[in-house]
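# Coordinates in review
Listed here are the chains, written in short residue letters.
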Amino acid sequence: MTQTWKVIALKMGELTVEKSTLTYFQDFGQSMVIPIWATAVYGGGYNILVDTGIHDVQWVRDNCGPCAQADDEHIVEALKQGLGWSPDDVDIIINTHLHYDHCGNNKLFKKARFILQETEWKAAHNPIPSQKGIYLSELFDSVDYFAWKFVHNEVEVVPGVKVFPTPGHSDGHQSVLVKTEEGNLCISGDVSNLLVNIRENIPAGILTSTKDIFDSMERVRSVADRILPGHEPIIKKYQTCDFPTL
Ligand SMILES: [Zn+2]
C-alpha cells in the first residue's frame, strides 16, 4: 500500500478582487477578499511545499490590487508557526504555475528541487498579452536554473504525490494529487480558484483557454476525493484535515 501524507494549508495573505474575475462573467460588481494558499505536504520522508505565495505586499498593491498580509502569513513565518521548518528544511517545491502569487518566494529555498511543467516555463517567458502583468520573471529566473526539474504530463514526484497537467488558467498549469488518510486530495492551484468553480463547473475568469479549463476541471473531478482550491476562503489557516469533498 502506498504511503499516506499529511497536509497543512499555509495562508500567504489576502487579495481583494472583483468576483467576476473568478467566476467567468458572473457576479459583476461584487468585490471579494480571497486568501492566497501555499500548502505543505509532509510525513512521508520528504518535506514538500506546493506554491510559495507573494514576495512583496507593496508590489502587489502597486501592480495588481489591494493586498494584506498578517505577520505569520509570510512564507518564512508560516512555515515556522505551522511546522517548525526553516526554508532549508524544504526538499521539494511544486509550483502549480508561475503567476506572481504562486512563486513569489521561490528564491528563498536554496536546497529544494523545483517541479514545474516545461510548458509553464515557456509560457512564463513568453506570456500571452493578457497575462504579461502577472508573470514577474525575477521571481522564477532568480532560482538556480539547475534546481528546476521540468516535467511533461503526469509524473509521480515521490510515492503518493503526483502532478498532472490542468491547463486553461495558464498554458502549463499543473495540479497535485496527494494520498492522504482522507483519500486523494487535489491541491488544485488555480484550475479551481474557488470551490464553486469545480463544484458548479464555472471556470475562473483569468484564462488562456476556456476549452482546456473545462477539460482540466473534469480531470480533477475524475481523480480526486477532496480539494484544496488555490484561493478558497472557507479553507482555514493551518487547516490539516476535512478538506472539501468533490
Ligand atoms: Zn494564477
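Just above sits the structure.
Residues numbered from 1 in each chain as written. Predicted model: local features only at pLDDT ≥ 70, side-chain atom pairs only at ≥ 80, totals over all residues.

### Some details on the pairing of strand β1 (residues 6-18)
Where we set the bar: Strand pairing is assigned whenever DSSP detects at least two bridges linking the two strands. To qualify as a helix, a DSSP run of H or I must reach at least 4 residues; to qualify as a strand, a run of E must reach at least 2; elements of each kind are numbered from the N terminus.
One ladder, built from eleven bridges, connects β1 with strand β2 (residues 31-42); its direction is antiparallel. Bridge assignment links V7 to a residue of β2, and that residue is V41. Two elements, β1 and strand β4 (residues 67-68), share two bridges in a ladder whose sense is antiparallel. Residue pairing across strands places L15 opposite C67, the latter belonging to β4.

### With respect to the environment of E118
Worth spelling out the cut-off: To sort residues by exposure, count the other C-beta atoms lying within 10 Å of each residue's C-beta; 20 or more gives buried, 12 or fewer gives exposed, and values between give partly exposed, all with C-beta atoms placed from the backbone.
Position of E118 relative to the elements: it lies in helix α3 (residues 118-125). Taking the number of C-beta atoms within 10 Å as the measure of exposure, E118 has 13 and is therefore partly exposed.

### As for the sheet that holds strand β3 (residues 48-50)
Note the cut-off: Note that contacts rest on C-beta atoms placed from the backbone: two residues are in contact if these are within 7 Å. Geometry is summarised by axes, namely lines fitted to C-alpha atoms with helices restricted to the contacting stretch, and by angles between N-to-C directions that run from 0 to 180 degrees.
If you walk across this open sheet you meet the seven strands as β4-β1-β2-β3-β5-β6-β7, and the pairing is mixed. Single-partner strands in this sheet number two, and they are β4 and β7 (148-151). Note: β3 against strand β5 (residues 92-94), three bridges, orientation parallel. Across the sheet, residue I48 finds its bridge partner in β5, namely I92. Along the sheet, α3 makes contact with β6 (113-117) and β7, crossing β6 at roughly 80°.

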